[in-house]
Amino acid sequence: MDLKDLRLFLHLSKTLHFARSSKELHISASGLTRAIQRLEEEFGVALFERDNRTVRLTPAGLQLRDYAVPTLDQLLQLKSALQRGGEDLRGTLSLFCSVTASYSFLHELLQQFRAVYPQVELQLHTGDSALALERVMAGQDDIAIAAMPDQLPESLAFLPLGESPLVCIGPVLPCPVRQLLEQGRHSGEYDWQALPVIMPETGLARSRLEQWFAQRGQKPRVYAQVSGHEAMVSMVSLGCGVAVVPRVVVDNSPVSDRIEILPVMHELRPFTVGLCARRRKFANPLVNALWQVAAAGQQ
């Protein structure tokens, strides 16, 4: 069995999307298909069920996935142990974070890590921070930068790197939303049934914002549900509505001069931002190495 084919299979078993896997793995769709076909021919069974819309693992595919994950982890651990006899740590480490986290929390950490382990190849995936824990739990990435949830699953480890308050923001440019905000300032209370609110699609910020409204017996006027805090800040800057986002996103936004932080919702608990990984992943020396570098930086 070709280990490269096994890695391709494992990635596809996570995404269940041929085009996405081929893009992220830098391989053609036909090359990915041939790799899966080789495995199916070797095992004599279908590993995926495919139609025009969906891709699903077969029972045999589920068994191979459960075999492949620990097998590849153990192989990486063995290779690293052998290389430590006189060479630097080597291998590939997969990371996930938001665009903002990539240069606010991750930049300095990766500088420190690469100074010690220059031979480690880093695969950085960026996206909505609300998906970070899900991607780690699903095995799509080894480590993620995420906001610590109210209840951390026992299978996950979390290393705090810093905090970021949640702030409510509104547009600066003249627009109907700005007029409503000015009226709220004069009256001393914002009209949440009139103010359009841009909500996160999922995640901790959404749940805390929903709790804030529920505690006051109010229901916001939802203008849009958006994936990613950076996109929410952009929509606010255009006058689409108000939103609640981590302060670190505002501070690092290229449109920060077009928004303002509103004097409301100070009760929202801040985000504790940190590294997150499955505890079983610490058997991987690359995961353990990055974790130790991060922990040393917090002392």
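Residues numbered from 1 in each chain as written. Predicted model: local features only at pLDDT ≥ 70, side-chain atom pairs only at ≥ 80, totals over all residues. Heavy atoms only, no water.

Undergrad: Explanation requested: the sheet that holds strand β9 (residues 221-226) in the structure shown.
TA: Pairing between the strands of a sheet is mediated by backbone hydrogen bonds and can be parallel or antiparallel. Ordered in space as β9-β8-β10-β7-β11, the five strands form an open sheet in which the pairing is mixed. The open sheet has two edge strands, β9 and β11 (259-261), and neither has a second partner. Put simply, the sheet's adjacent strands are angled 35° from each other on average, direction ignored. Across five bridges, the pairing between strand β8 (residues 196-200) and β9 is parallel. Bridging from a neighbouring strand, P200 pairs with V226 of β9. (Pairing = 2+ DSSP bridges. Helix = DSSP H or I, 4+ residues; strand = E, 2+ residues; numbered from the N terminus. Axes fitted to C-alpha atoms, helices over the stretch in contact; angles between N-to-C directions.)

Undergrad: Looking at this structure, I do not really get the packing of aromatic side chains. What am I missing?
TA: By convention here, two paired aromatic rings are described through the distance between centres and the angle between planes. Counted under the stated rule, the structure contains eight aromatic pairs. Taking the centre distance of 6.4 Å and the plane angle of 65° together, the rings of F18 and F48 count as edge-to-face. Residue F18 is found in helix α2 (residues 18-24), and its partner F48 is found in strand β1 (residues 48-50); the two are separated by 30 residues along the sequence. With a relative accessible area of 16%, F18 lands in the buried category. F48 sits in the buried class, given a relative accessible area of 4%. Three or more aromatic residues link up through ring pairs in this structure, and these residues are Y190, W192, W212 and F213. (Phe/Tyr/Trp six-rings, centres within 6.5 Å; stacked < 30°, edge-to-face > 60°. Buried < 20%, exposed > 50% of the residue type's maximum accessible area, 1.4 Å probe, protein only.)

Undergrad: Please clarify how the environment of S237 should be interpreted in this entry.
TA: Position of S237 among the secondary structure elements: in helix α10 (residues 229-237). Judged by its relative accessible area of 6%, S237 falls in the buried class. Between the C-alpha atoms of S237 and V177, which are 60 residues apart in sequence, the distance is 11 Å. Contact partners of S237, with chain neighbours within four places excluded, come to L173, V255, R258 and I259. A polar contact is formed between the side chain of S237 and the backbone oxygen of S234, at a distance of 2.6 Å. (Contact = heavy atoms within 4.5 Å. Polar contact = N/O pair within 3.5 Å; in protein donor to acceptor, adjacent residues only side chain to side chain.)

Undergrad: Could you clarify how one ought to interpret the sheet that holds strand β4 (residues 120-126) in this entry?
TA: On the basis of which strands lie adjacent, the open sheet formed by five strands has the order β4-β3-β5-β12-β6 and mixed pairing. Of all strands in the sheet, those bounded by a partner on one side alone are β4 and β6 (156-164). Here the average twist between neighbouring strands, direction ignored, is 25°. Strand direction decides the pairing type here: strand β3 (residues 91-97) and β4, joined by seven bridges, are parallel.

Undergrad: Please explain the nonpolar core as it appears in this structure.
TA: Side chains that are nonpolar tend, in soluble globular proteins, to be buried together. Among the nonpolar cores identified, the biggest contains 65 residues, and I145, I169, W192, V242, M265 and L275 are the most heavily contacted of them. Those residues in contact with I145 that lie beyond four places of it in its chain are F96, C97, A101, F105, L106, A132, L161, V273, G274 and L275. Counting residues in hydrophobic clusters, the runner-up holds 17 residues, among them L6, L12, L32 and L64. (Core = buried A, V, L, I, M, F, W, Y, C linked by side-chain atoms within 4.5 Å.)

Undergrad: Looking at this structure, I do not really get the side chain of E260. What am I missing?
TA: Counting through the fold element by element, E260 comes out in strand β11. There is a polar contact of 2.5 Å between the side chain of E260 and the side chain of R185. Beyond its immediate sequence surroundings of up to four residues, E260 is in contact with C168, I169, G170, P171, V172, R178 and R185.

Undergrad: Help me understand unusual backbone geometry in this model?
TA: A negative phi angle is the norm for most residues apart from glycine, just as the trans form is the norm for most peptide bonds. The phi dihedral of L16 falls on the positive side, at around 50°, and the residue is not glycine. Mapping L16 onto the fold places it in the loop between α1 (3-15) and α2. Positive phi outside glycine occurs at M265, with the angle close to 65°. Positionally, M265 belongs in the loop between β11 and β12 (271-278).

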